[in-house]
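Structural overview
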Amino acid sequence: MANTPNTAGGDFPGPVARPEHVTGWAGWIAFAGIMLILLGLFHAVEGLVAVVNPGYYLITASGLVVNVDYVVWGWVHLALGILAVVVGIGLLTGNTVARVVGVVLAAISALVNLGFVNAYPAWSALVIALDVVIIYAIVAHGREMKPAR
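Below or above, wherever it landed, is the structure these notes cover. (Residues numbered from 1 in each chain as written. Predicted model: local features only at pLDDT ≥ 70, side-chain atom pairs only at ≥ 80, totals over all residues. Heavy atoms only, no water.)

**Things to note about the overall build of the chain**
Scanning the chain from terminus to terminus reveals 4 helices and 2 strands. Taken from N to C terminus, the helices and strands of the chain fall in the order β-β-α-α-α-α. Per-residue burial over the chain gives 36% buried out of 149 residues. Long-range pairs, those at least 24 residues apart, make up 72% of the contacts in the chain with a sequence separation of at least 6. Surface summary for the chain: the accessible area is close to 8500 Å², and the carbon and sulfur share equals 72%. (Helix = DSSP H or I, 4+ residues; strand = E, 2+ residues; numbered from the N terminus. Buried < 20%, exposed > 50% of the residue type's maximum accessible area, 1.4 Å probe, protein only. Contact = heavy atoms within 4.5 Å. Areas by Shrake-Rupley, 256 points an atom, 1.4 Å probe, with all protein chains shown as cover.)

**Looking at the nonpolar core**
With 24 residues, the main nonpolar core has Leu36, Leu39, Leu91, Leu130 and Ile134 as its most contacted residues. Elements represented by at least two residues in this core include exactly helix 1 (26-52), helix 2 (70-92), helix 3 (96-115) and helix 4 (121-141). The element that contributes the greatest number of residues to this core is helix 1, accounting for 7 residues. (Core = buried A, V, L, I, M, F, W, Y, C linked by side-chain atoms within 4.5 Å.)

**Structural notes on helix 2**
Between its first and last C-alpha, helix 2 extends 32 Å over 23 residues, near the 33 Å set by a 1.5 Å rise per residue. Turning to helix 2, its buried residues number three or more, namely Tyr70, Trp73, Gly74, His77, Leu78, Leu80, Gly81, Ala84, Val87, Gly88, Gly90 and Leu91. At the exit of helix 2 stands Gly94, carrying a positive phi of roughly 90°. (Expected span 1.5 Å × (residues − 1).)

**Focus: helix 4**
Structurally, the α-helix is built with 3.6 residues per turn, so residues lying three or four positions apart point the same way. A rise of 1.5 Å per residue sets the reference length of helix 4, with its 21 residues, at 30 Å; its end C-alpha atoms lie 30 Å apart and thus fit the reference within 8%. Turning to helix 4, its buried residues number three or more, namely Ser124, Val127, Leu130, Asp131, Ile134, Ala137, Ile138 and His141. The arc that holds the buried residues of helix 4, viewed along the axis, is 165°, so those residues lie on one side. Seen from the open side of helix 4, the exposed residues pointing more than 90 degrees away from its buried face are Ala122, Val132 and Val139. Buried residues along helix 4 sit in contact with helix 1, helix 2 and helix 3. (Arc of directions from axis to C-beta.)

Right, here's the structure in full:
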């Protein structure tokens, strides 16, 4: 490779491209986007089970924190799941609105699963833990993901 002189009189090995500064932490946002999509699928499965087979869960609907029929819980989980998948895809593209909605959606998801914890404790605990990781990744490293151009 031939050396090209620069304006200061020194030599450097060809033109230098300066990409936008993206750190390794941007991977956390990609992780959060994928986890948000996975979270959406978890909610969709939980919602479909509640709508199709309300007797599947460990306690009756009257034993929930919020006394609501399982079919209603099912539709709430299904809607939350679909929204989480859409926001997760937006997060992977670097959309700023998706970052804000992702944090709000993960917080709502944690609250909904806190109300659902009596029905299926292990599943709810897993989803709440996933919500906390998603919120951390978006809040701590959200600015490092640049919008796709």
